[in-house]
Amino acid sequence: MNNKKTGLEGFLSVLVSFFLVGVTLVFSSDIVSVLRGVTLGTFSVMTSVAEFKAENEKYNLSKNDDYNLTGFGNGLETETNATDTETPEDIEKIMNEAVSAYASFTKTGDIDETQLGASSSNTVYKNVVVNNKTETKSVNIKKELSKKPSFGEITKDEPYILIYHTHTTEGYELLDKGWYSSDYDSRTKDVNKTVVRVGEEIAERLEKSGFKVIHDKTIYDASYNGAYGRSLKTVEKFLKENPSIVITLDVHRDAIHYDSGTRCKPTAEINGKKAAQVMIISGAEEGEITDYPDWKQNLTFAIALQNKVEENYKGLMRPLFFCQRKYNMHVTPCSLLLEMGTDANTLEEAVYSGRLIGDSLAELLEENM
């Protein structure tokens, strides 16, 4: 009789536990954390979800971990609305129109889809990976992360961010085929298919958070030589007219071509969708680079943004490229150059990354207001 009673009590205990977990899931704003805790055996219905998350930071799981729960985002840390991974209608239309054109193309070479990470860097601390190509400068990532970027007075009442494109005609593949053709030139003055469209996505996400953005769509590289000088004149004009602007982003796309003829396509999978990896370029006053007094502040901002994006979307960022360059980044203490994918990435992948960068920058600014 006692054995039967003990067995019944055990069964009822398990039943009650499942019921309480179910109730917790229904009313919890962090279902993923609860499910992960149940899976790992570390969740208690007597512990609040906030306390559970604080106690279980060590479970920062990647998509390769055994306990990753399909459908809840990369690394289980990112919450994304369904619409955030949908292909925008204008991009989908461009892709559909490209099908017939690509069918007539002759393959020239292969595209190597890969994820670039810490192996191509020399300075690493937690989420931040830096490829330091300077000759005399060292980078203390931990120290930089302890600093507040030189944001000044962050405002939503006046223009605070300027986005422009020195190499405006840089474009992308339109379809994900795994090869490229010399019949197709990704450089185009059609700004709907270039880095301008990516910049538009960044701007829209910032504006969605309430920030005022000026997006300059002027074509500066109809003649490639002198493009930086031409874009600088416009940037200085905008800054004079809008002294509230602190952040300037020169949005480009990279090109990595191997001697074999293969083109590199740096890609990350974020929330089940391909995204073009992003590289931040931050310069230094060194060697022939002079008149760049704010380079240290730019680096602090670059590292803060790199860290925020990686916190939100693990693997999206390529190593931050720190080098002897100016690239118009001397204009404010928070000026950067962004390489949004390469010519081997698709427009859809680059635009998706623009969405993620915009959201992360908005979050970083909100945290510092």
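Residues numbered from 1 in each chain as written. Predicted model: local features only at pLDDT ≥ 70, side-chain atom pairs only at ≥ 80, totals over all residues. Heavy atoms only, no water.

**Q** Could you give me a rundown of the packing of helix α8 (residues 295–312) against helix α9 (residues 347–367), with the residues and numbers involved?
**A** Where α8 meets α9, the axes come as close as 9 Å, and the angle between the chain directions of the two elements is 115°. As summarised for this structure, α8 and α9 are arranged roughly perpendicular, according to the angle between their axes. For the pair α8 and α9, the sense of crossing is right-handed. Between α8 and α9, the residues in contact are Phe301, Ala304, Leu305, Lys308, Val309 and Asn312 and Ile357, Ser360, Leu361, Glu363, Leu364 and Glu367, respectively. Residues that form the contact of α8 with α9 fall into these classes: 7 nonpolar, 2 polar and 3 charged. (Axes fitted to C-alpha atoms, helices over the stretch in contact; angles between N-to-C directions. Helix = DSSP H or I, 4+ residues; strand = E, 2+ residues; numbered from the N terminus. Parallel < 35°, antiparallel > 145°, perpendicular 65-115°, else oblique. Left-handed = near helix turned anticlockwise from the far one by under 90°. Contact = heavy atoms within 4.5 Å. Nonpolar A, V, L, I, M, F, W, Y, C, P; charged D, E, K, R; others polar.)

**Q** So what's going on with the pattern of salt bridges? Residues and values would help.
**A** Taken as a whole and judged by the stated rule, the model has 23 salt bridges. Of the charged contacts in the structure, one is a salt bridge between Arg318 and Asp254, with a shortest N-O distance of 3.1 Å. Placement of Arg318 in the loop between α8 and β11 (320–323) and of Asp254 in strand β7 (residues 247–254) is noted, with a sequence separation of 64 residues between them. Asp254 shares its class with Arg318; the two are buried. A cluster of three or more residues bridged by salt bridges with shared partners is formed by Glu113, Asp176, Lys265, Lys274 and Glu349. (Salt bridge = Lys/Arg side-chain N within 4 Å of Asp/Glu carboxyl O. Buried < 20%, exposed > 50% of the residue type's maximum accessible area, 1.4 Å probe, protein only.)

**Q** Talk me through the packing of helix α6 (residues 195–208) against α9; I want residue IDs and the actual numbers.
**A** Two elements in contact, α6 and α9, have axes separated by 7 Å at closest approach and are oriented at 30°. One way to sum up the angle between α6 and α9 is to call them roughly parallel. The chirality of how α6 crosses α9 is right-handed. On α9, the residues touching Arg197, Val198, Glu201, Ile202, Arg205 and Leu206 of α6 are Leu347, Ala350, Val351, Gly354, Arg355, Ile357, Gly358, Asp359, Leu361 and Ala362. In terms of residue class, the contact of α6 with α9 is built from 9 nonpolar, 2 polar and 5 charged.

**Q** Can you break down the sheet that holds strand β9 (residues 273–276) residue by residue, with the values?
**A** Across the sheet, which stays open at both edges, the 4 strands sit in the order β5-β1-β8-β9 with mixed pairing between neighbours. Looking along the sheet, the strands with just one partner apiece sit at the ends: β5 (179–180) and β9. Bridge count for strand β1 (residues 109–114) against β5 is 2 bridges, and the pairing is antiparallel. Bridge pairing in β5 places Asp110 opposite Trp179. The sheet contacts of α9 involve β8 (263–270) and β9, and relative to β9 the element is tilted by about 85°. (Pairing = 2+ DSSP bridges.)

**Q** Describe the pairing of β9, naming the residues involved and giving the relevant values.
**A** Regular strands place their side chains on alternate faces of the sheet. Pairing of β8 with β9, which is carried by 4 bridges, proceeds in the antiparallel orientation. Within β9, the residue paired with Ile270 across the bridge is Lys273. Hairpin connection between β8 and β9: a loop of 2 residues separates the two successive antiparallel strands, and Asn271 in this loop has a positive phi of roughly 55°.

**Q** Explain the pairing of strand β3 (residues 128–132) to me, using residue names and the numbers behind them.
**A** Burial runs high along β3: 5 of the 5 residues are buried. Residue alternation in β3 divides its side chains into two sets, Val128, Val130 and Asn132 and Val129 and Asn131, and both sets are buried. Sheet topology places strand β2 (residues 123–125) next to β3; 3 bridges connect them, and they run antiparallel. Considered in β3, the bridge of Thr123 is made with Val130. If you look at the hairpin formed by β2 and β3, you'll find 2 residues sitting between the two strands, and Lys126 has a positive phi there, around 50°. Where β3 meets β11, 3 bridges bridge the pair, whose relative direction is parallel. The residue bridging Val130 from the neighbouring strand is Leu320, located in β11.

**Q** Before we move on, could you go through the side chain of Thr194 and cite the residues and values that matter?
**A** For Thr194, the position within the fold is in the loop between β5 and α6. Residue Thr194 is classed as buried on the basis of its relative accessible area of 0%. At a separation of 3.4 Å, a polar atom in the side chain of Thr194 contacts the main-chain carbonyl oxygen of Val191. (Polar contact = N/O pair within 3.5 Å; in protein donor to acceptor, adjacent residues only side chain to side chain.)

**Q** I'd love a proper account of the packing of aromatic side chains, names of residues and values included.
**A** Overall, the coordinates contain 6 aromatic pairs when judged by the stated rule. On the basis of an interplanar angle of 25° and a centroid distance of 5.9 Å, the ring pair of Trp295 and Phe322 is categorised as stacked. Here the residue Trp295 occupies a position in helix α8, and Phe322 occupies one in strand β11, the gap between them amounting to 27 residues. Side by side, Trp295 and Phe322 carry an identical accessibility label, which is buried. (Phe/Tyr/Trp six-rings, centres within 6.5 Å; stacked < 30°, edge-to-face > 60°.)

**Q** Go over the sheet that holds β7 with me, naming the residues and quoting the values.
**A** Across the sheet, which stays open at both edges, the 8 strands sit in the order β2-β3-β11-β10-β12-β7-β4-β6 with mixed pairing between neighbours. Two strands close off the open sheet at either side, each with one partner strand: β2 and β6 (212–215). Direction aside, the axes of adjacent strands within the sheet are offset by 25° on average. Note that strand β10 (residues 278–283) and strand β12 (residues 334–342) share 4 bridges and pair antiparallel. Of the residues in β12, the one forming a bridge with Met279 is Glu339. Most of the contacts of α6 go to β6, to which it runs at about 170°, and overall it touches β4 (159–164), β6, β7 and β12.

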